[in-house]
Amino acid sequence: MGLSGDFDPAWLWLPGIPGYFPPLDLAFESLLSLSSGWTLEPGLARFEISPEATTITFTLKADTFWQSGEPLTASYAATFLELAFSPEHHGPLSSKSALLKGIKVHDERTFTVHLNEPDCSSLTDMGLLRLTYPPPFPSLPSPEKLKGTGPFVIARWGKDEIVLESSGTQASPFQRIRFRRFGTGEEVIEAYRAGEIGAFILNPGGIALPKDLIAGRILSPDLYFIAFNLRNQALEDPRVRMALTMAVPREELLREVLGGEGVLAGGPFLPGYLPEEPAPPPFNPERAVEILKESGWGDEDGDGFLEKDGEPFRLRILTNGESRTREQIALRVVKSYRAIGIDAELNVVEFGNFLEALFGGYFEAAVFSVPLGPDPDLTPFFSAGGIFNFSGFSDQEVEELLREGIKVPGCNPEIRRGIYSRLASRLNELKPWDFLFFPFTLMGPEGLFRVLPAAS
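These figures come from a predicted structure and were not determined experimentally. (Residues numbered from 1 in each chain as written. Predicted model: local features only at pLDDT ≥ 70, side-chain atom pairs only at ≥ 80, totals over all residues. Heavy atoms only, no water.)

Colleague: Sorry if this is basic, but what is going on with the sheet that holds strand β7 (residues 110-115) here?
Modeller: Sheet strands pair via backbone hydrogen bonds, and the direction of the pair is either parallel or antiparallel. The antiparallel open sheet is built from 4 strands, whose spatial order is β4-β5-β7-β6. On the outer flanks of this sheet lie β4 (45-49) and β6 (100-105), each paired with one strand and no other. For this sheet, the mean angle separating the axes of adjacent strands, direction not counted, is 20°. Together, β5 (55-60), β6 and β7 form the strand contacts of helix α2 (residues 74-85), whose direction differs from that of β6 by roughly 165°. Most of the contacts of helix α3 (residues 120-127) go to β5, to which it runs at about 20°, and overall it touches β4, β5 and β7. (Pairing = 2+ DSSP bridges. Helix = DSSP H or I, 4+ residues; strand = E, 2+ residues; numbered from the N terminus. Axes fitted to C-alpha atoms, helices over the stretch in contact; angles between N-to-C directions. Contact = heavy atoms within 4.5 Å.)

Colleague: Teacher, can you tell me more about the packing of helix α11 (residues 396-406) against helix α12 (residues 413-430) here?
Modeller: The relative placement of two packed helices comes down to the angle between their axes together with the axis-to-axis distance. Interaxial distance between α11 and α12 falls to 9 Å at its minimum, and their mutual angle equals 160°. If you check the angle between α11 and α12, you find them roughly antiparallel. The way α11 lies across α12 gives a crossing that is left-handed. For the pair α11 and α12, the contacting residues are Glu397, Val398, Leu401, Leu402, Glu404, Gly405 and Ile406 in the first and Arg416, Ile419, Tyr420, Arg422, Leu423, Arg426 and Leu427 in the second. (Parallel < 35°, antiparallel > 145°, perpendicular 65-115°, else oblique. Left-handed = near helix turned anticlockwise from the far one by under 90°.)

Colleague: Sorry, what's going on with the packing of aromatic side chains here?
Modeller: Two aromatic rings, taken as a pair, are described by how far apart their centres are and by the angle between their planes. Inspection of the entire model under this criterion finds 27 aromatic pairs. Ring centres of Phe381 and Trp433 lie 5.8 Å apart, and the angle between their planes is 75°; this geometry places the pair in the edge-to-face category. Taken together, the residues span a long stretch of sequence, with Phe381 in helix α10 (residues 379-382) and Trp433 in strand β20 (residues 433-444) at a distance of 52 residues. Assigned by exposure class, Phe381 and Trp433 land together as buried. (Phe/Tyr/Trp six-rings, centres within 6.5 Å; stacked < 30°, edge-to-face > 60°. Buried < 20%, exposed > 50% of the residue type's maximum accessible area, 1.4 Å probe, protein only.)

Colleague: Please explain the side chain of Asp375 as it appears in this structure.
Modeller: Its place among the elements puts Asp375 in the loop between β19 (365-371) and α10. Note on Asp375: relative accessible area 10%, which makes it buried. Of the polar contacts made by the side chain of Asp375, one reaches the side chain of Arg416; its length is 3.0 Å. Once residues within four sequence positions are removed from consideration, Asp375 is found in contact with Cys120, Ser121, Thr124 and Arg416. (Polar contact = N/O pair within 3.5 Å; in protein donor to acceptor, adjacent residues only side chain to side chain.)

Colleague: In this structure, what is going on with a nonpolar patch on the surface? I would like to understand it.
Modeller: Residues Phe359, Ile387 and Phe388 make up a contiguous nonpolar surface patch of about 300 Å² in total accessible area. On the secondary structure map, Ile387 appears in the loop between α10 and α11. Classification of Ile387 as exposed rests on a relative accessible area of 59%. (Patch = residues over 30% accessible without salt bridge, like charges linked within 9 Å, V, L, I, M, F, W, Y side chains within 5 Å. Areas by Shrake-Rupley, 256 points an atom, 1.4 Å probe, with all protein chains shown as cover. Salt bridge = Lys/Arg side-chain N within 4 Å of Asp/Glu carboxyl O.)

Colleague: Sorry, what's going on with the nonpolar core here?
Modeller: One broad rule of soluble globular proteins: the nonpolar side chains tend to lie buried together. By size, the foremost hydrophobic cluster in this structure holds 129 residues, and its most contacted members are Phe111, Phe313, Tyr337 and Ile342. Ranked by residues supplied to this core, first place goes to α2 with 9 residues. With 13 residues, the next largest nonpolar core counts Ala191, Ile207, Leu213 and Phe440 among its residues. (Core = buried A, V, L, I, M, F, W, Y, C linked by side-chain atoms within 4.5 Å.)

Colleague: Got a minute to help me understand the state of the cysteines in this structure?
Modeller: Covalently bonding the sulfur atom of one cysteine to the sulfur atom of another cysteine gives a disulfide. Tallying each qualifying case throughout the model produces 1 disulfide. Sulfur-sulfur distance for the disulfide between Cys120 and Cys411 comes to 2.2 Å. Judged by the sign of its S-S torsion, about -95°, the cystine formed by Cys120 and Cys411 is left-handed. With Cys120 in helix α3 and Cys411 in the loop between α11 and α12, the pair connects residues that are 291 residues apart, well separated along the chain. Accessibility assignment for this pair places Cys120 and Cys411 in one class, buried. (Disulfide = S-S within 2.5 Å.)

Colleague: How do you make sense of the environment of Cys120 when you look at a structure like this?
Modeller: Here Cys120 falls in the buried class, since its relative accessible area comes to 1%. Between the C-alpha atoms of Cys120 and Thr54, which are 66 residues apart in sequence, the distance is 8.9 Å.

Colleague: I keep staring at a negative patch on the surface and nothing clicks. Help me out?
Modeller: A surface patch of negative charge is lined by Asp299, Glu300, Asp301, Asp303, Asp309 and Glu311. Within the fold, Asp299 resides in the loop between α7 (285-294) and β15 (307-308). (Lys, Arg positive; Asp, Glu negative; His and termini not counted. Charge placed at Lys NZ, Arg CZ, Asp CG, Glu CD.)

Colleague: In this structure, what is going on with the pairing of β6? I would like to understand it.
Modeller: Moving residue by residue along a regular strand, the side chains alternate between the two faces of the sheet. Direction of pairing for β6 relative to β7: antiparallel, over a ladder of 5 bridges. Note that in β7 the partner of Leu100 across the bridge is Leu115. Hairpin remark: β6 followed by β7, antiparallel, with 4 residues in the connecting loop.

Colleague: How do you make sense of the packing of helix α6 (residues 250-258) against helix α8 (residues 324-339) when you look at a structure like this?
Modeller: The interhelical angle for the contact between α6 and α8, taken along N-to-C directions, is 140°, at an axis separation of 10 Å. By the angle between their directions, the pair α6 and α8 is classed as oblique. Note that α6 runs across α8; the crossing there is right-handed. Between α6 and α8, the contacting residues are Leu253, Glu256, Val257 and Leu258 on the first element and Arg324, Thr325, Gln328, Ile329 and Arg332 on the second. Within the contact of α6 with α8, the residues separate by chemical class into 4 nonpolar, 2 polar and 3 charged. (Nonpolar A, V, L, I, M, F, W, Y, C, P; charged D, E, K, R; others polar.)

Encoded structure:
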């Protein structure tokens, strides 16, 4: 199987998302799984959560074994989670260490996690963390040194290839899978046509799929968006931000940049999660100009660009040059903004400088993408103190909805969906970001979906 992009073992530390990185998902499994409707289901264990959502009891499936043949025990799973929460071991859940009150093991198959306060996102984080033997904290070893419970063992993890071999613990149509890394999507397709590989994974935006090839599509959790810096005086007014969203022809953008391989985003939730999703903003540059005029912006000196109280409306659209997709989006956004009278220009920088500008707030508008986690909690992005709140956004109603969403009694998924529907509507109203689209990851041949567990 050929793919482009890096083989980053650090993905092991992230909660698994179906089909997002098959090599890891084929070797390592988690206590819980995620359904196609983005709800938690049993994986290696079933779970029960108390009404106040402060205790979660996991019961491991009978006869669950590591690839070495040893049984997976409740004691080991409990220790694994304790280390994952530990700041001393730099575990992936250490930022939430204050939540963990303790873990009690009841017998060989059952243990209970006690939290100091309800936090439904922590249930998702714990449940979808891939279990390994030994624990990979604090230093992540090469994955071939770790054992999992999945149908494949990682025999080799190198810069240019990953080799998986059947563990013999689960039925599989393959005895061996080799993932080969290529520099570009074009090279992947060339190797596939030449018969050098039997299957391929094309990352979003890497290449348009040739018309004679048929592939299956997996929705990527990568949300592409334009972040507005609300510290900028011109962007403080939500009406102005609304006008900017109406200036962008997002359907054309998706078609030109990704060959149409994606889904337009109505907000920062994975499509299919909310019972009702906000519609993407309409492309209406004429109305955008009217809204800007109503907000005090006009062409006072006749130069074709907008001013307000003598100050020109200038925007630098920031992105990083290492991402072809982001740069192509930014080029078209600049053109769209200039078409409604904004003196926009493109500013492409190196990725490190780009991140420094984002986290430091030294930008005006930025084209970026982030992978949404499997839990719908958006506190890191839109809470006033959120680590990824690039925009400097703050809204009392949003804060209250974020708190409600993680403290739902029993973490009832339907109640959470209702809360996050209200949150999506509020964000759609205030528009701290212009939500663009979620791309597809393409896997071929199409029948691969039916035989790769990670892609199902």
